[in-house]
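Structural overview for review
This is what each chain is made of:
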Amino acid sequence: MFDKVYSYSDITESIIDYFIKTYKPKTVLIPCYTYSFTQSGIYHNTHSKSEVGRFSEEARLLGYPRTNDPIFSFLDVNNFLRGKKIDYTIAFGDGSIFEYFHKEDAIILNIDLDSFIATQRHYVEHFYDVDYRYNKYFSGVIYSNDVDYKHVNYKYYVRDLDKQTNGNLKKINDDLKKEAILKTHYNNDLKISWLKCRPYLEFFKLKMEADNNYHIT
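This write-up is about the structure you can find in this document.

Rules behind the numbers
- Residues numbered from 1 in each chain as written.
- Predicted model: local features only at pLDDT ≥ 70, side-chain atom pairs only at ≥ 80, totals over all residues.
- Heavy atoms only, no water.
- Pairing = 2+ DSSP bridges.
- Helix = DSSP H or I, 4+ residues; strand = E, 2+ residues; numbered from the N terminus.
- Axes fitted to C-alpha atoms, helices over the stretch in contact; angles between N-to-C directions.
- Buried < 20%, exposed > 50% of the residue type's maximum accessible area, 1.4 Å probe, protein only.
- Contact = heavy atoms within 4.5 Å.

So, the sheet that holds strand β8 (residues 190-196)
- Taken in spatial order, the 3 strands line up as β4-β8-β7 in an open sheet, and their pairing is antiparallel. Strand pairing shows two members of the sheet lacking a second neighbour, β4 (107-111) and β7 (183-187), which therefore form its edges. Looking at each pair of strands side by side, their axes are set apart by 25 degrees on average, direction ignored.
- The pairing of β7 with β8 spans 5 bridges and is classified as antiparallel. Bridging across to β8, K183 finds its partner in W194.

Focus: the pairing of β8
- Direction of pairing for β4 relative to β8: antiparallel, over a ladder of 5 bridges. Within the sheet, the bridge partner assigned to I107 lies in β8 and is K196.
- Hairpin remark: β7 followed by β8, antiparallel, with 2 residues in the connecting loop; positive phi at N188, about 60 degrees.

Section: helix α5 (residues 120-127)
- Most of α5 sits out of view: 6 of its 8 residues are buried.
- Buried residues along α5 sit in contact with α4 (97-104), β4, β5 (133-143), β6 (149-159), α6 (169-178) and α7 (197-210).
- Remark: D129 follows α5 within two positions and exhibits a positive phi of approximately 50 degrees.

The following block contains the structure:
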């Protein structure tokens, strides 16, 4: 007798259901980023594919509500963000989704990744006005559906390509673990790492006041 073979879609939905049923969060938000907007100038809420891995693309195909940020969109499993005052025309500044995460003390969670990765790091860099990133505007069109659209001038905190901008993830993760901010546990062989947004920013307060380039040194 053959064991049942599960599709990637089935596995994706099972993972999402597990976190919803086990932890009962207000919602689960899945990054569904589209960096290509900086080149194409077009974002479609329904048809633009995720550019950050198969898991988020499989989740997108399941039809969860999606935010209208043309680069940093999120799938919002419980549609919790609907009606919230969030500015989806800016990436990391005041009113952005990442500022909202900080105010709400959202939990950022990684599943089965070697190094902990959080886009929230760029909100911290913006907050401390690092000298290796700067604000740049990208004009384009956001399609909410096949009928409704609007023109935007999107404000994105981009890397200065003339400078070294790669984050030192090992150092950052090691320091976060030492301070018990980054937590890791295993569900069978599955590695799950997580932290909360407010302690994450507070951790960087002393680090970046001492060295504004802490993220990259």
